[in-house]
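A structural walkthrough
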Amino acid sequence: MTETNLVETNSETTFMGSAAQDKAEVDTTSSQLSNDKLIEMLKSMMQIRRFEERTMQSYMQQKIGGFCHIYIGQEAVAVGSIGATKPDDPIVGAYRDHGLALARGMDPKYAMAEMFGKITGCAKGKGGSMHFFDKEHHMYGGHAIVGGQCPLGAGLAFAIQYEKKDNVVLCYFGDGAVNQGAFHEAFNLASIWNLPVIFVLENNSYSMGTHINRGTAMANDLRAKAEAYGMRYAECDGLDVLDVYTTFKREIDRTRNAANPQWERGIIPDYKREGAPVGPCFMNVKTYRYKGHSMSDPQKYRAKEEVEAKQELDPINRLVNHLIDNNIATQDQIDEFDKAAKAEAQAAVKFANESPEMPIEELFTDIYVNPYGPYKKGGLPQMLQGKDLE
Ligand SMILES: Cc1ncc(C[n+]2csc(CCOP(=O)(O)OP(=O)(O)O)c2C)c(N)n1
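Let me sum up the structure you'll find in this document. (Residues numbered from 1 in each chain as written. Predicted model: local features only at pLDDT ≥ 70, side-chain atom pairs only at ≥ 80, totals over all residues. Heavy atoms only, no water.)

**A closer look at the overall build of the protein**
When helices and strands are tallied, the protein shows 13 helices and six strands. Burial status across the protein gives 50% buried among its 390 residues. Considering only residue pairs separated by 6 or more positions, the protein has 76% of its internal contacts joining residues 24 or more positions apart. In the form shown here, the protein has an accessible surface area of approximately 18100 Å², with 51% of it arising from carbon and sulfur atoms. (Helix = DSSP H or I, 4+ residues; strand = E, 2+ residues; numbered from the N terminus. Buried < 20%, exposed > 50% of the residue type's maximum accessible area, 1.4 Å probe, protein only. Contact = heavy atoms within 4.5 Å. Areas by Shrake-Rupley, 256 points an atom, 1.4 Å probe, with all protein chains shown as cover.)

Spelled out as structure tokens, the structure:
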């Protein structure tokens, strides 16, 4: 592995109340969330933040190999959007997938073990950071090919429509993906078939090191990309979990309701008729990642001041302020939640450390090998039978 590690791992956020964070406010006007739900969302964001800090530390200690993309800064996107789904609504995403998996309910132990390459990992340690998968929680993978998950999202939605279920798919991708062919093909099919899918752009402004304005035509008007396919478009503030939640709740409900009657009638809908709700939606969520593209990113493409300014709007601090200002939780309670999140992340590392390595035989399971393919005459080469490795 040739990656250089330039990310600081010792700097830790403290989650403070409003006195320390004047700028951090959340828009609560449209939110009708119960106090329990708000606290649940805070705990979920804290869980991701503390998990990711431990992930960075473990990476620096070389417990984790390969590429590793950290979700810090984007917690409100996963928590707000997934918080608005039914537990069996499928989700699928890109390689920046830790936050999505945790928000969907994956046990952090299995997530950490996956990155440590251990058999107890969510994909038996074979996928690593970029390929979390959790069928039980309807998390259909992190996918490393930029935009590759867009057709998968459309496919999952097609299956829902075909089986006349009332689920909605959330398909996540970064701003780099909007320039991929797969994105456009998926948009086209989703639109003409009125598929129940929300395409979620986690718009953190940067691809690896390229600002969206340098790499994407019409970057300031992404609505055009939805309009080109006759698709509904919506936006929300990805640093404000309540805005994310309420916007997603509205659009998920629209998608769910739009798809059902057409199944009943068994017809392809004339979804472009005026006022008609349409199934698929393109959701532009404006967010920010505080860390580099991956653990090996020296971040020379953006100013420190820019990152610091965004950190003033930290999504976790904003919700903390809201809870304290509205007497929903005290600072002491918040400290306790945070302590629990830290302990859980630490326990995940311990579990991953102590888990057994993947047995060598596992290298030959869960893969597709065609024994009648190029090896027809001589049978499988020894390597593929595992003999070279005995
Ligand atoms: C088809 C393809 N091309 C190039 C790459 C290399 N690559 C990995 S991540 C990335 C940038 C993607 O950025 P974005 O979609 O904005 O996601 P973010 O990392 O910001 O979440 C690139 C070009 C790839 N994985 N797949």
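**Here's the deal with the pattern of salt bridges**
The tally for this structure, following the rule as stated, stands at 23 salt bridges. For Glu163, the salt bridge is made with Lys165, and the minimal N-O distance between the two is 3.0 Å. You can call Lys165 partly exposed: its relative accessible area is 39%. Taken together, the shared-partner salt bridges in this structure form one network comprising Arg50, Glu53, Asp338 and Lys342. (Salt bridge = Lys/Arg side-chain N within 4 Å of Asp/Glu carboxyl O.)

**Examining the site of the ligand**
The local shell around the ligand holds 15 residues, among which Tyr95, Arg96, Gly176, Gln180 and Tyr206 are the closest. Separating an oxygen atom of the ligand from a side-chain N or O atom of Arg96 is a distance of 2.8 Å. At a separation of 2.8 Å, an oxygen atom of the ligand approaches a polar backbone atom of Gly176. Protein contact buries 72% of the 590 Å² of open area that the ligand shows by itself. When each cavity is represented as a set of grid points, the ligand is found to reside in the second largest pocket. Along the lines of polarity and charge, the residues of the shell around the ligand split into seven nonpolar, six polar and two charged. (Near = heavy atom within 4 Å. Polar contact = N/O pair within 3.5 Å; in protein donor to acceptor, adjacent residues only side chain to side chain. 1 Å grid on protein atoms, 1.4 Å probe; cavity = no way out; pocket = protein on both sides within 12 Å on 5 of 7 lines; lining within 4 Å. Sits in = over half its atoms within 2 Å of the grid points. Nonpolar A, V, L, I, M, F, W, Y, C, P; charged D, E, K, R; others polar.)

**Points about the sheet that holds strand β4 (residues 197-203)**
Pairing is parallel across the open sheet formed by six strands, whose spatial order is β2-β1-β3-β4-β6-β5. Only two strands of the sheet have a single neighbouring strand rather than two, namely β2 (139-143) and β5 (232-237). Pairwise comparison of adjacent strand axes, ignoring direction, gives a mean angle of 15 degrees for this sheet. Relative to strand β6 (residues 281-286), β5 is paired through six bridges, and the arrangement is parallel. Note that in β6 the partner of Arg232 across the bridge is Cys281. In this fold helix α2 (residues 75-82) packs onto β1 (91-94), β3 (169-174), β4 and β6, with an angle of close to 170 degrees to the strand it touches most, β3. (Pairing = 2+ DSSP bridges. Axes fitted to C-alpha atoms, helices over the stretch in contact; angles between N-to-C directions.)

**Considerations on the layout of surface pockets**
Of the volumes computed, that of the second largest pocket is approximately 390 Å³. The element that contributes the greatest number of residues to the lining of the second largest pocket is β3, accounting for three residues. Partitioning the lining of the second largest pocket into residue classes produces twelve nonpolar, ten polar and four charged. (Points joined across faces, edges and corners; volume = space filled by probe spheres on them.)

**A short note on α2**
Counting buried positions along α2 yields eight of eight residues, so the element is predominantly enclosed. Residues Glu75, Ala76, Val77, Ala78, Val79, Gly80, Ser81 and Ile82 constitute the buried set of α2.

**Quick word on the pairing of β6**
Counted residue by residue, β6 has five buried out of six residues, so it is predominantly covered. Here six bridges tie β4 to β6, and the two strands are oriented parallel to one another. Residue pairing for β6: Phe199 is matched across the bridge by Phe282.

**Quick look at the environment of His322**
Counting through the fold element by element, His322 comes out in helix α11 (residues 315-325). A relative accessible area of 11% places His322 in the buried class. Taking the C-alpha atoms as reference points, His322 and Leu38, separated by 284 residues in sequence, lie 9.5 Å from one another.

**A look at a nonpolar patch on the surface**
A cluster of nonpolar side chains, contributed by Phe158, Tyr162, Leu189, Ile192 and Trp193, occupies part of the molecular surface with about 500 Å² of accessible area. Counting only elements with at least two residues in the nonpolar patch, the list comes to α5 (149-162) and α6 (181-192). Residue position: Tyr162 is located in helix α5. (Patch = residues over 30% accessible without salt bridge, like charges linked within 9 Å, V, L, I, M, F, W, Y side chains within 5 Å.)

**Thoughts on the state of the cysteines**
If you walk through the whole model with that rule in mind, you get zero disulfides. In this model Cys150 remains outside any disulfide bridge; the closest cysteine sulfur is found in Cys171, 4.6 Å from its own. The class for Cys150 is buried, based on a relative accessible area of 0%. Accessibility expressed as a relative area gives 0% for Cys171, which makes it buried. (Disulfide = S-S within 2.5 Å.)

**Comments concerning the pairing of β4**
Of all seven residues making up β4, seven are buried, and the element is well covered by its neighbours. Read as a crossover between parallel neighbours, the route from β3 over α6 to β4 is right-handed. (Right-handed = clockwise from strand over helix to strand, strands pointing away.)

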